[in-house]
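Residue-level structural notes
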Amino acid sequence: MSAVTVGTSDETEQIRSLLTSGDKGRKRTDRIMTMLVYGAFGLAMLPLVSLLWTVVVNGASKFNPYFLSVTMRGVFGGMDAGGAYHAIIGTLVITLCASVLSVPIGLLTAVYLVEYGRGPLARAVTFFVDVMTGIPSIVAGLFAFALFTIFLGPGAKLGIIAAVALSVLMIPVVVRSCEEMLKLVPNELREASYALGVPKWLTIIKIVLRTSVAGLTTGILLAVARVIGETAPILITAGTTDSLNFNPFDDRMMSLPVYIYRQYAQGVATCRDGQLDCIPDINYMRAWAAALTLVLIVMLLNLAGRLVTRWFSPKLR
Amino acid sequence: MTTASPPAHATRHEPRRRRASGDTERGFSRVFRWITTGAGVLLLGVLAAVAAFLVARALPAFTASQAELLADGKLPAGVTSIAQYVGPLVFGTLLAAAMALAIATPIAMGIALFISHYAPRRIASGIGYVVDLLAAIPSVVFGLWGGRVLAPLIADFWVWLVGVLNVLPFVEFRATATGRSLATASIVLAVMILPIITAVSREVFLQTPKLHEEAALALGATRWEMIRTAVLPFGRSGVISAAMLGLGRALGETMAVLMILSTGLGYSLQIFGAGELTTIAANIASRFPEASGLAVNVLIATGLALFIITLAVNMAARAIVARRKDFSGAN
């Protein structure tokens, strides 16, 4: 490092002392800031580790095939029974409906922004997509409620209303991630296609979308993972129920996040003295088991999204 | 499809311009353009519809007389007008979000710097993934964890902290032994908004021109001085917009607050006490399932207030990001 040539060793010592002594305060600041930065990272890991740990440990006690395959019908008090089957089905149905609504709109908007987007309309769409990502989930729920109660009257609680609310939250996420993926498609591919006389729409479908299909799938899976855990909009639009319901167009529908909230809100069950089959903490145990189920679903979706990219991403470079 | 005579002149010029830009718009290509453009317009329409329906359904709450509000609006005791109801809710929402932001921003900046400048290159992306994992966890699970694990754990600390703070003159804090206070809720909110602030800050820190960093190091700066003189000034607007995005997230977060906070209604700074404050989102979620008639309109009116606040915060944040994008190309 030190390529400085100095005449005498005396001068060397002098310069060395100047270089080191003046720096003590600065070195200390540097070390303190390094520790703070490492500390910030450690501090952020604490809740993550604690949360995952408690979810796994508390959820494992009730997480079994029985819990996943029965509903809450006829379950009351501190009965050691009941499961989340209806909630899992509800979550899947509502999320599927939301995906069916938002994936075409989101994907086509992304195509518009990347392939056609010029001028004030494209700028407005870009800006408001970003703004839409910030809509609070409960406001999306209120919107869907307000929209449907005009036709169906007050008190309408259906799975499809929740799906509309979720799609308001999901569309901007789909647009944003699909847009990023479409931008990655090299222009040379498009130009090669045009040179062969392929019309633009066919180029987009056969070349652009085909090339980026892995990325698009990942983006959509991550968007699904994002909305599958939404609670508040489903709570106010699909209501709560203890029974199984497959039809999003008829009657209330339970979902996994709302199930967690309901079990948590019911709190400690009251047991008579000497009642052996009564567990006071049963509601919390069910809530933790459902939380474990939900976290597992979300993690699986995330994992699937990442694996899809790894397996199917186009080998271009 | 085309309209009457005046725009006819404009359409006559259009084919020439299209050919100049290299588009061959014939047959289905034109239809496809309409379809995709329609999707974009539909998206704007959805956002407009959200605003329109909220305003339409909130209107009865603003026009209803005081007697109607008291009879059907289910306003809490002592509240006589919609403004008196929305005011404390907005106050509680802003207070909770501001506290969450104050906790989360420095930590998120620390993590972002750790990933961009401190951690070994090989594990940095892995750490980024772990932080993103925090964002993937559903809010209701955060609420469950906050209510069952964090609140009992941190209650003793709040009681102790209040004991220390009350030594100061003119300060009179109350602490609840259950830990179900706004301070606990804010900590959980802070954990929830950490990922987004970290992600955006990390991106701008990574964009710092390498030459600036190397110049600072060549002048003998320590690593921290290099960060302070080169990285932070470059990333300032990015961090501000990241914080505002986090603020928008914290303002609208429902379940964590609903499941942790023991709610009340009022202008109060008793962040360690129970039953003092609440937020708009948590208030809607707790009252909506049982509400009917005018009470629904009142709740939608509070939701409209939340929508306007988050919209303003997000638009400001995005405007800062967009302006920054124009300049950063020069580097």
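Numbering of residues starts from 1 in each chain and follows the order in which that chain's sequence is written. Chain letters start at A and ligand numbers start at 1, both assigned in the order the entries are written. Predicted model: local features are reported for residues with pLDDT of at least 70 only, side-chain atom pairs are reported and counted for 80 or more only, and whole-chain, interface and lining totals are derived from all residues.

Here's the deal with the overall build of chain A
- Within chain A, the secondary structure is distributed over 13 helices and zero strands.
- Counting from the amino terminus, chain A carries its helices and strands in the arrangement α-α-α-α-α-α-α-α-α-α-α-α-α.
- In terms of its C-alpha atoms, chain A occupies a principal-axis envelope of roughly 95 × 75 × 35 Å.
- Buried residues are those with 20 or more other C-beta atoms within 10 Å of their own C-beta, exposed residues have 12 or fewer, and partly exposed residues lie in between; C-beta atoms are placed from the backbone. Of all 317 residues assigned to chain A, the portion counted as buried reaches 47%. Numbering of helices and strands starts at the N terminus; helices are DSSP runs of H or I of at least 4 residues and strands are runs of E of at least 2.

Points about the UniProt feature "domain: ABC transmembrane type-1" (unreviewed entry) in chain A
- Within the UniProt annotation, "domain: ABC transmembrane type-1" (unreviewed entry) is assigned to residues 88-305 of chain A.
- With 75% helix and 0% strand, the stretch residues 88-305 of chain A has end C-alpha atoms that lie 20 Å from each other. UniProt positions are given in the numbering used here, feature names are shortened, and annotations may be inferred rather than shown by experiment.

Description of the interface of chain B and chain A
- Once C-beta atoms are placed from the backbone, any two residues with those atoms within 7 Å are in contact. Contact residues are listed per partner, giving 69 residues for chain B and 67 residues for chain A.
- Element by element, the count of residues in the side of chain B that touches chain A is highest for helix 2 (residues 28-63) of chain B, at 18 residues.
- Amino acid classes used here: Ala, Val, Leu, Ile, Met, Phe, Trp, Tyr, Cys and Pro are nonpolar; Asp, Glu, Lys and Arg are charged; the rest, including Gly, are polar. Grouping the amino acids of the side of chain B that touches chain A by side-chain chemistry returns 45 nonpolar, 17 polar and seven charged.

Quick notes on the confidence of the model for chain A
- Confidence of the predictor at the level of single residues is given by pLDDT, which spans 0 to 100. Per-chain confidence: chain A averages 86 in pLDDT, with 95% of residues scoring 70 or above.
- Averaged over each element, pLDDT in chain A is lowest for helix 1 (residues 9-21) of chain A (75) and highest for helix 4 (residues 85-116) of chain A (92).

Structural notes on the nonpolar core
- When buried Ala, Val, Leu, Ile, Met, Phe, Trp, Tyr and Cys residues are joined through C-beta atoms within 7 Å, the set is termed a nonpolar core. Grouped together as the largest cluster of nonpolar side chains are 189 residues, with contacts concentrated most on Phe143, Ile260 and Ala291 of chain A.
- All domain edges in this entry derive from an automatic or database-based domain assignment. In terms of domain composition, this core takes at least three residues from each of domain 1 (14-60) and domain 2 (69-328) of chain B.
- If near-sequence neighbours (up to four positions away) are discounted, Ile260 of chain A is found in contact with Ala287, Ala290, Ala291 and Leu294 of chain A together with Val140 and Leu144 of chain B.

Considerations on the packing of helix 4 of chain A against helix 7 (residues 159-183) of chain A
All names here are of chain A.
- What counts as an axis is a line fitted to C-alpha atoms, over the stretch in contact for a helix, and the angles between N-to-C directions run from 0 to 180 degrees. Two numbers describe how helix 4 lies on helix 7: the axes approach to 6 Å, and their chain directions differ by 40°. With respect to their mutual orientation, helix 4 and helix 7 come out oblique. The element helix 4 and its partner helix 7 pack so that their crossing is right-handed.
- Here the residues of the contact of helix 4 with helix 7 sort into 23 nonpolar, seven polar and two charged. Should an angle fall under 35 degrees it is called roughly parallel, over 145 degrees roughly antiparallel, and 65 to 115 degrees roughly perpendicular, with every other angle called oblique. By definition, turning the near helix anticlockwise from the far helix through less than a right angle yields a left-handed crossing, and turning it clockwise yields a right-handed one.

Brief notes about the domain arrangement of chain B
Residue and element names in this part refer to chain B.
- For chain B, the domain assignment lists domain 1 (14-60) and domain 2 (69-328).
- Relative placement of domain 1 and domain 2: their C-alpha centres are 35 Å apart.
- With five residues of domain 1 at the contact, the number on the domain 2 side is seven residues.
- Across the side of domain 1 that touches domain 2, the residue classes break down as four nonpolar, no polar and one charged.

Thoughts on the packing of helix 6 (residues 137-152) of chain A against helix 2 of chain B
- It is at 9 Å that the axes of helix 6 of chain A and helix 2 of chain B come closest, and there the two elements cross at 70°. As judged from the angle between their axes, helix 6 of chain A and helix 2 of chain B are roughly perpendicular. Helix-helix and strand crossings are classified by hand; for helix 6 of chain A and helix 2 of chain B the assignment is left-handed. Contacts between helix 6 of chain A and helix 2 of chain B pair Leu142, Phe143, Ala146 and Leu147 of chain A from the former with Val50, Phe53, Leu54 and Arg57 of chain B from the latter.
- Looking at the contact of helix 6 of chain A with helix 2 of chain B residue by residue, the classes come out as seven nonpolar, no polar and one charged.

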